[in-house]
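# Summary of the model geometry
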Amino acid sequence: PLVCLDRPSPRDTSDVVIVDNRQGAARGVADLLARGHRRIGVVGDIQAIFTASERLLGYRAALAEVGVPCDESLLALGASDVARAEAAAGRLLEHPEPPSAIFAMNNRACVGALRAVTARHSSTVVLGFDDMELGGVVPSLYGCVVQDPLEMGRISAGLLFARLAGERGPWRRVVLPTKLVVYALP
């Protein structure tokens, strides 16, 4: 028996527990848009990764919902570690029309974006996906879209133990909600 956690199996041949990445990203970006941000950059991983792909779709949906065109020059994708994320965010901040906010699609991207913003003394705010232990302490960190990894693990373990005990039936897909935590108003 196999239970996939955080990403579905490519062949849909197991139970899966994920969060609603698309809706979480859309909600966070919509909040930035509601606060007047219209140039929102993105720092994230390659789109072949399920979570990154879903989060970018959420970003695009939030922009489309309020009629803000997606400026492809504000997308810095492929930043798979903190150093690459910092460099990518730095390039966004050096754009002729820099973003007023950056959506960092995971913790590594968030740390890198915060480093770039801090190094340049920029007023750009950062919205992360995944909670940050220093949330509320780092001035440029606007907020985070938060998921509950303990609940994901608890549900995944329950599904796995049920399968190990002989449970049969169709594969289950459990999608957990996210929560937007705002630390500082821009």
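So, here is what we can say about the structure in this document. Residue positions within a chain follow its written sequence, with the count starting from 1. This being a predicted model, a pLDDT of at least 70 is required before a residue's local features are given, and a value of 80 or more before pairs of side-chain atoms are given or counted; all residues contribute to the totals for chains, interfaces and linings. Only heavy atoms go into the side-chain values, all of them from the structure, while hydrogens and water stay out.

### Notes on the sheet that holds strand β2 (residues 15-19)
The strand order across the open sheet built from three strands is β1-β2-β8, with neighbouring strands paired in parallel fashion. The two strands at the open ends of the sheet, each matched to only one other strand, are β1 (3-5) and β8 (173-176). Between one strand axis and the next, the sheet turns through 15° on average, direction left out of account. Direction of pairing for β2 relative to β8: parallel, over a ladder of four bridges. Here, a strand pair is defined by DSSP locating no fewer than two bridges between the strands. Each helix is a run of DSSP H or I of at least 4 residues and each strand a run of E of at least 2, with the numbering of both proceeding from the N terminus. A fitted line through C-alpha atoms serves as each axis, taken over the contacting stretch for helices, and the angle formed by two N-to-C directions is quoted from 0 to 180°.

### Describing the sheet that holds strand β9 (residues 179-182)
The six strands are arranged β4-β3-β5-β6-β7-β9 in an open sheet whose pairing can be described as mixed. Looking along the sheet, the strands with just one partner apiece sit at the ends: β4 (75-77) and β9. Neighbour-to-neighbour, the strand axes of the sheet open up by a mean angle of 15°, direction not taken into account. For strand β6 (residues 125-129) and strand β7 (residues 141-146), the ladder comprises four bridges, and the chain directions are parallel. The residue bridging Phe129 from the neighbouring strand is Val145, located in β7. Of the strands in this sheet, β3 (40-44), β4, β5 (101-104) and β6 touch helix α2 (residues 50-65), which is tilted by about 175° from β4. It only takes one pair of heavy atoms within 4.5 Å for two residues to be counted as in contact. Each of β3, β5, β6 and β7 is contacted by helix α4 (residues 107-119), which is oriented at about 170° to β6, the strand it contacts most.

### Description of the side chain of Asp45
Note that Asp45 resides in the loop between β3 and α2. Among the residues examined, Asp45 registers a relative accessible area of 8% and is labelled buried. Reaching out from Asp45, the side chain makes a polar contact with the side chain of Arg108 at a distance of 3.4 Å. Relative accessibility thresholds used throughout: buried, under 20% of the residue-type maximum; exposed, over 50%; partly exposed, between the two (1.4 Å probe, protein chains only). Whenever two N or O atoms come within 3.5 Å, that pair is a polar contact, provided that in protein one can donate a hydrogen and the other can accept it, and provided that, for residues adjacent in sequence, both atoms are side-chain atoms.

### Regarding the packing of helix α3 (residues 82-93) against α4
The geometry of α3 relative to α4 is characterised by a closest axis approach of 7 Å and an angle of 50° between their N-to-C directions. In this view, α3 runs oblique relative to α4, as classed from their interaxial angle. Pair α3 / α4 crosses with right-handed handedness. Seen from α3, the contacting residues are Val82, Ala85, Glu86, Ala89, Gly90 and Leu93; seen from α4, they are Arg108, Ala109, Val111, Gly112, Ala113, Arg115, Ala116 and Val117. Classification used: nonpolar for Ala, Val, Leu, Ile, Met, Phe, Trp, Tyr, Cys and Pro, charged for Asp, Glu, Lys and Arg, polar for all others including Gly. Class assignment for the residues of the contact of α3 with α4 results in nine nonpolar, two polar and three charged. For classification purposes, an angle smaller than 35 degrees is called roughly parallel, one larger than 145 roughly antiparallel, one from 65 to 115 roughly perpendicular, and anything else oblique. In this scheme the crossing of two helices becomes right-handed for a clockwise turn of the near helix relative to the far one and left-handed for an anticlockwise turn of less than a right angle.

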